[in-house]
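Report on the structure
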Amino acid sequence: MPLSPASAGGLAGPMRRRILALAAVLLLLVALLLPPAAAASASGGWSWPLDEPRVGRRFEPPAERYGAGHRGVDLEAEVGAVVRAVAAGRVTFAGPVGGVPVVTIDHGRERSTYQPVEARVSVGDAVSARQVIGTLLGTHSHCAAACLHLGRLEGDDYLDPMDLLGGGRFRLISPDGDPPPPPAGTGGDLARPVGGPVTSPFGMRVHPITGVRKLHDGADFGVPCGTPVHAAASGTVTGSGLAGAYGQRVVIAHGPGRSTSYNHLSRRGVAVGATVSQGDVIGHVGSTGLSTGCHLHFMVVDDGVPVDPLPLL
Ligand SMILES: [Zn+2]
Ligand SMILES: [Zn+2]
C-alpha cells in the first residue's frame, strides 16, 4: 500500500514516531555520503576548485632546482568552467605571468595558484572557501585539453595539492592525453617542430618561476610530454645534452649563422655530429630544466642573437 502523507498522518503514535526516526537516520546517512566539500575545508584541507574535478597529471617534485617536474596538479574541465577558491584567504595576485593569466590566494601559511584563469577577483579581495574566483580559459594551458593547473606553495617550496584535496568525488583521467597531430607543412624557411598551440611567444615577459622580467628567447608550444619533436630544417647536430635552465637540449646548425634549439626535452634522440633532415624526430617533449610543465621551448638563433621563431615558421 503506497504511503501518502495523509495516511501516514493517520497512523498510530508509536508507528509514526518510528517512521520519523527512520527518516531522520536516512537524512543523516545522505548527509554523510554527500561530497564533504565544506567538511574538507573545515578540517584544514582544501576543497576542489572545480565542480566536477577530473584529475590528470599529478605533482612530480623535481629532484633539484632545474630538475624535471610538474609543480602542481592538472584538473581537466570545460573551457569556461567556474574556478573556486580551495580555502578562505586573500587574493595576492591576479594577472598574467609569462603571458599566462594566474590567480594566487594567500591562506596564511600556504598559497594556492590557479592557471589559466580569467579572474573575477582583484588583488586584496578576501575570499571564502568555494567562492568563485574566475573561469577556466582555453588558451595558455600546458595540457593537451583545457585544464586548470593548481599549485600549492609554502614559501618558495612547491607542495603536492593532492595531499590536501581528495574529499568528495573526483575522476582520474589519462595524464597526458593524445599528442596533437604532427606539425603541418612549412610556411616559411623553417617547419614547425611540433603541433599544438603557442602558449608563450618570443619577447619580454616575467618568468613564471623566477618572477624576473627578461627576454623569453624562444616560443613555447604547449604539448604533452613524450610528443615527438621534429627538426625545423636540415642541418648538423652541434649540441645534445643537459644545459642548465634549458634542461635536456638539442642544437642544430643549419648553415651560415643560423641554428635552432629544442629545450626541456624528456629524451634526446640525436648525438653531436649527426646529420638530420627537416622533419626528422630529434627528441621528445619534456619538462626538464626550469619549466613549470610539459612544453617545447623552441629557439632560433641568427648570428648569435635569438630571434622570434614564429614569423619564420
Ligand atoms: Zn600543470
Ligand atoms: Zn619558453
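Provided above is the structure to which this section pertains.
Definitions and cut-offs
Residues numbered from 1 in each chain as written. Chains lettered and ligands numbered in written order. Predicted model: local features only at pLDDT ≥ 70, side-chain atom pairs only at ≥ 80, totals over all residues. Heavy atoms only, no water. Core = buried A, V, L, I, M, F, W, Y, C linked by side-chain atoms within 4.5 Å. Buried < 20%, exposed > 50% of the residue type's maximum accessible area, 1.4 Å probe, protein only. Helix = DSSP H or I, 4+ residues; strand = E, 2+ residues; numbered from the N terminus. Contact = heavy atoms within 4.5 Å. Donors = N, O, S within 2.8 Å, 3.2 Å for Na, K, Ca; no water. Tetrahedral: all angles 85-135°; square planar, octahedral: opposite > 155°, others 65-115°. Salt bridge = Lys/Arg side-chain N within 4 Å of Asp/Glu carboxyl O. Pairing = 2+ DSSP bridges. Axes fitted to C-alpha atoms, helices over the stretch in contact; angles between N-to-C directions.

**So, the nonpolar core**
Val83, Val103, Ile105, Tyr114, Ile133 and Leu148 are the most contacted members of the largest nonpolar core, which totals 26 residues. Going through the elements one at a time, strand E2 (73–76), strand E5 (100–106), strand E9 (132–136) and strand E10 (147–154) are the ones with two or more residues in this core. Apart from residues lying up to four places away in sequence, Val103 is in contact with Val91, Phe93, Ala94, Ser112, Thr113, Tyr114, Val117, Ala119, Val121 and Ile133. Phe221, Ala231, Phe298 and Val300 belong to the second largest nonpolar core, which has 23 residues in total.

**Notes on the coordination of the zinc ion (ligand 2)**
Donor atoms from the polypeptide that bind the zinc ion (ligand 2) are His216 (NE2), Asp220 (OD), Asp220 (OD) and His297 (ND1), placed at 1.9 to 2.8 Å. Note that the zinc ion (ligand 2) binds four donor atoms; their angles at the metal cover 52 to 151°, and the shape is irregular. Donor residues for the zinc ion (ligand 2) sit on one chain with the sequence pattern H-x3-D-x76-H. With respect to class, His216 is no different from Asp220; both count as buried.

**As for the pattern of salt bridges**
Taken as a whole and assessed by the stated rule, the structure comprises nine salt bridges. One salt bridge connects Arg54 with Glu76, and the closest N-O pair in it is separated by 3.7 Å. Taken together, the positions of Arg54 in strand E1 (residues 54–55) and Glu76 in strand E2 put the pair 22 residues apart, joining distant regions of the chain. Overall, Arg54 belongs to the buried group, its relative accessible area being 15%. Residue class for Glu76 comes out partly exposed when judged on its relative accessible area of 21%. Between Arg54 and Glu78 there is a salt bridge, with its nearest N and O atoms 3.4 Å apart.

**Some points on the sheet that holds strand E23 (residues 281–284)**
As summarised here, the arrangement of the three strands in space is E17-E23-E21, forming an open sheet in which the pairing is antiparallel. Either end of the sheet is taken by a strand with one partner, and the two such strands are strand E17 (228–230) and strand E21 (267–268). Note: E17 against E23, three bridges, orientation antiparallel. The residue bridging Val229 from the neighbouring strand is Gly283, located in E23.

**Remarks on the sheet that holds strand E7 (residues 117–119)**
If you trace the three strands from one edge of the open sheet to the other, you get E3-E9-E7, paired in antiparallel fashion. A strand with exactly one partner marks an edge of an open sheet, and here the two such strands are strand E3 (82–84) and E7. When the angles between neighbouring strand axes are averaged without regard to direction, this sheet yields 40°. As paired strands, E7 and E9 are joined by three bridges and run antiparallel to one another. Following the sheet pairing, Glu118 is matched in E9 by Thr135.

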